[in-house]
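Chain and residue survey
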Amino acid sequence: MNLYIFQNDLRIHDHPLLKKAMDQGPVIGLFVFDDIWFKDNQFGFHKKSNLWLSFIYDTLLDLNKQLHTLNIPLLVKKGNFNDIINTLISDYSIDFIYYEKLPGYDEREKYD
């Protein structure tokens, strides 16, 4: 089983990494609302605004419909990213994890 982690690119058309994951076998899609997004930064603001969260929610609904046509379930989780990944690896016998490498500080901390 392959796990594809959706982050910024929430689409299925013209998506070479998703296609690669699908070519390697069955895929489960995942999007994580990481706990860190809901904590206040040093200025007292959340990392992600309510407007952004609303936009992502609507986009995930559309993504779920599109993935359904490819027989790919989409899991949407909220919590600690690493804990969620470790649980899914165990629960679904994940062989490979696919994700786009993002340039941001938080993203590098998450995947390194």
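Here is a short report on the structure shown in this document. (Residues numbered from 1 in each chain as written. Predicted model: local features only at pLDDT ≥ 70, side-chain atom pairs only at ≥ 80, totals over all residues. Heavy atoms only, no water.)

Before going further, it helps to spend a moment on the overall build of the chain. Of regular secondary structure, the chain possesses four helices and four strands. In the chain, the order of α-helices and β-strands from amino to carboxyl end is β-α-β-α-β-α-β-α. In terms of overall size, the chain behaves like a compact globule, its C-alpha atoms giving a radius of gyration of 14 Å where 112 residues would be expected to give roughly 13 Å. If you line up the chain on its principal axes, its C-alpha atoms span 45 × 25 × 25 Å. (Helix = DSSP H or I, 4+ residues; strand = E, 2+ residues; numbered from the N terminus. Rg over C-alpha atoms; globule rule 2.2 N^0.38 Å.)

Taking 1.5 Å per residue, 19 residues should reach 27 Å; helix H2 (residues 50–68) reaches 27 Å between its end C-alpha atoms and fits that length. Of the residues making up H2, those classed as buried are Leu-53, Ile-56, Thr-59, Leu-60, Leu-63 and Leu-67. End-on view of H2: buried residues confined to an arc of 125°, all on one side of the axis. Opposite its buried face, H2 presents the exposed residues Asn-50, Leu-51, Phe-55, Lys-65 and His-68, each directed more than 90 degrees away. Looking at the packing, one finds that the buried side of H2 touches helix H1 (16–23), strand E2 (27–34) and strand E3 (74–79). (Expected span 1.5 Å × (residues − 1). Buried < 20%, exposed > 50% of the residue type's maximum accessible area, 1.4 Å probe, protein only. Arc of directions from axis to C-beta. Contact = heavy atoms within 4.5 Å.)

Another point: the packing of aromatic side chains. Each aromatic ring pair is described using two quantities: the centre-to-centre distance and the angle formed by the ring planes. The tally for this structure, following the rule as stated, stands at two aromatic pairs. For the pair Phe-31 and Phe-33, a centre-to-centre distance of 5.1 Å together with 75° between the ring planes defines the contact as edge-to-face. This pair shows no difference in class: Phe-31 is buried, exactly as Phe-33 is. (Phe/Tyr/Trp six-rings, centres within 6.5 Å; stacked < 30°, edge-to-face > 60°.)

Here E2 lies mainly inside the structure; eight of its eight residues are buried. Burial along E2 is two-sided: the residues Val-27, Gly-29, Phe-31 and Phe-33 and Ile-28, Leu-30, Val-32 and Asp-34 are all buried. In terms of strand pairing, strand E1 (residues 2–5) meets E2 through four bridges, oriented parallel. Counterpart to Ile-5 in the pairing with E2 is Leu-30. Pairing analysis gives six bridges linking E2 to E3, with the strands arranged parallel. Bridge pairing in E3 links Val-32 to Lys-77. Note that the unit made of E2, H2 and E3 has a crossover that is right-handed. (Pairing = 2+ DSSP bridges. Right-handed = clockwise from strand over helix to strand, strands pointing away.)

It is worth spelling out the pattern of salt bridges at this point. Considering all chains together, one arrives at three salt bridges under this definition. Here Arg-11 and Asp-9 are joined by a salt bridge, their closest N and O atoms 2.6 Å apart. Under the relative-accessibility criterion, Arg-11 is labelled partly exposed at 27%. A salt bridge links Lys-19 to Asp-23; the nearest nitrogen and oxygen atoms lie 3.1 Å apart. Separated by four residues within a single helix, Lys-19 and Asp-23 lie in helix H1, roughly one turn from each other. Assigned by exposure class, Lys-19 and Asp-23 land together as exposed. (Salt bridge = Lys/Arg side-chain N within 4 Å of Asp/Glu carboxyl O.)

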